[in-house]
Amino acid sequence: MQQTRLMRSETDRMIAGVCGGLAAYLGVDPVLVRLAFVILFLASGSICMSAMNAASFEALYSAFSRMHVQKTWDGILNAPVELDDVVLAEMLWAAFKALFTVTAILGVMLALGISHSPKLLVAWPVLLFVGITFSCIALIFNALAKGYDFFTYYFTLVLTPMMFLSGVFFPRDQLPPIVRAISDWLPLTNAVELVRPLFMDQWPAHPLRHGLVLVVTTVVAFWVALALTRRRFRA
């Protein structure tokens, strides 16, 4: 029987009865509501992960090829261009490659009707900044690398654990308290916390905190990347 009030279900519940209560209010099968929530949950987390991966691949493999293998950076530096300008250009290019990727994914999601929230317009620049953040982090490892194999450590020891601890695939509530406390400060966690509510037509609960973590991470990572790249070219 269809409910006249929106409230959590006490009888049809798997975790907290939210989906069961919403299904009863709308008069639909609760399985469909749960499936919609799962799709939105995974889609919003996966698009942040895609921005991270696209920026990282470009700022690692492609940037390293231009810097070390093809010696493109050396040719550019023969012009009146500073090394800092080249690093900045690599960072921005990697970030925009990430933006191209997430734009295509957003287009597919809109076409499939996964989300029609107008707040997705806000998610677009947020995802661009996520690309900037991870391109800065990747450029640190680019400056340290002696070969392509070195990047395996970054993907295995940094990005992969971050994916599983940042709420991309499952709620972080299931994590042990100490692991969740560490997870709170990961850049991918804060990206997901900003983007996921927008997919569900809501505003993030703590946008200033999440945004500040991303900004500080970006500034520190870019400064470290510049310092290590300068040292590499002086050696």
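Everything quoted here is computed from the prediction, not taken from an experiment.

> So what exactly am I meant to see when it comes to the overall build of the protein here?
Scanning the protein for helices and strands turns up 9 helices and 0 strands. Order of helices (α) and strands (β) in the protein, N terminus to C terminus: α-α-α-α-α-α-α-α-α. Here the protein holds 235 residues, and the buried ones make up 44% of them. Long-range contacts, defined as pairs at least 24 residues apart, comprise 67% of the intrachain contacts of the protein with a sequence gap of at least 6. With the model as given, the accessible surface of the protein reaches about 12600 Å², and the carbon-plus-sulfur share is 69%.

> How should the environment of Ser-44 be read in this particular structure?
Its location among the elements puts Ser-44 in helix α2 (residues 30–69). Given the relative accessible area of 0%, Ser-44 is considered buried. Sequence separation between Ser-44 and Met-200 is 156 residues, and the spatial gap between their C-alpha atoms is 8.9 Å. Residues within four places of Ser-44 in sequence aside, it is in contact with Val-195, Arg-196 and Phe-199. At 2.9 Å, the side chain of Ser-44 and the side chain of Arg-196 are in polar contact.

> Honestly, the packing of aromatic side chains in this entry has me stumped. Any pointers?
Evaluated as defined, the whole model comprises 14 aromatic pairs. With a centroid separation of 6.3 Å and 35 degrees between ring planes, the pair formed by Phe-141 and Phe-150 is classed as tilted. An aromatic cluster of at least three residues, connected via ring pairs, comprises Phe-57, Tyr-61, Phe-64, Phe-141, Tyr-148, Phe-150, Phe-151, Tyr-153, Tyr-154 and Phe-155. The ring of Trp-185 has Arg-209 sitting right over it, with the charged end atom 5.0 Å from the ring centre.

> What am I meant to see in helix α4 (residues 83–112) here?
Helical geometry: 3.6 residues make up each α-helical turn, so side chains three or four residues apart lie on a common side. Taking 1.5 Å of rise per residue, 30 residues should cover 44 Å, and α4 covers 44 Å from first to last C-alpha, within 8% of that figure. Listed as buried for α4 are Leu-83, Val-86, Val-87, Glu-90, Met-91, Ala-94, Ala-95, Ala-98, Leu-99, Val-102, Leu-106 and Met-109. After α4 finishes, the residue Gly-113 shows a positive phi value of roughly 75 degrees.

> Please explain the confidence of the model for the protein as it appears in this structure.
The predicted coordinates ought not to be read in detail in places where the model reports low pLDDT. The predicted model of the protein has a mean per-residue pLDDT of 87, with 84% of residues at 70 or higher. Per-residue pLDDT, averaged within each element of the protein, yields its smallest value for helix α1 (residues 18–26) (47) and its largest for helix α9 (residues 207–234) (97). In the model, residues 14–26 has pLDDT below 50 throughout and makes 34 contacts with residues more than four positions away in sequence or in other chains.

> Mind showing me how you'd approach the nonpolar core here?
For soluble globular proteins, the rule of thumb is that nonpolar side chains tend to be buried together. Core analysis: the biggest nonpolar cluster contains 62 residues, and Ile-47, Phe-134 and Leu-188 have the highest contact counts within it. Once you skip the residues sitting within four places of it in the chain, Phe-134 turns out to touch Met-52, Ala-55, Ser-56, Tyr-154, Leu-159, Met-162, Pro-187 and Leu-188.

> Hey, could you run me through the pattern of salt bridges in this one?
Pairs may arise between side chains of opposite charge once their charged atoms sit close together. The tally for this structure, following the rule as stated, stands at 8 salt bridges. Across the pair Asp-173 and Arg-180 runs a salt bridge whose closest N-O atoms are separated by 3.1 Å. Residue class for Arg-180 comes out partly exposed when judged on its relative accessible area of 33%. What you see here is one network of salt bridges that share partners, running through Glu-58, Arg-66, Glu-90 and Lys-97.

Criteria and cut-off values
- Residues numbered from 1 in each chain as written.
- Predicted model: local features only at pLDDT ≥ 70, side-chain atom pairs only at ≥ 80, totals over all residues.
- Heavy atoms only, no water.
- Helix = DSSP H or I, 4+ residues; strand = E, 2+ residues; numbered from the N terminus.
- Buried < 20%, exposed > 50% of the residue type's maximum accessible area, 1.4 Å probe, protein only.
- Contact = heavy atoms within 4.5 Å.
- Areas by Shrake-Rupley, 256 points an atom, 1.4 Å probe, with all protein chains shown as cover.
- Polar contact = N/O pair within 3.5 Å; in protein donor to acceptor, adjacent residues only side chain to side chain.
- Phe/Tyr/Trp six-rings, centres within 6.5 Å; stacked < 30°, edge-to-face > 60°.
- Lys NZ or Arg CZ within 6 Å of the ring centre and 35° of its normal.
- Expected span 1.5 Å × (residues − 1).
- pLDDT = per-residue confidence, 0-100.
- Core = buried A, V, L, I, M, F, W, Y, C linked by side-chain atoms within 4.5 Å.
- Salt bridge = Lys/Arg side-chain N within 4 Å of Asp/Glu carboxyl O.

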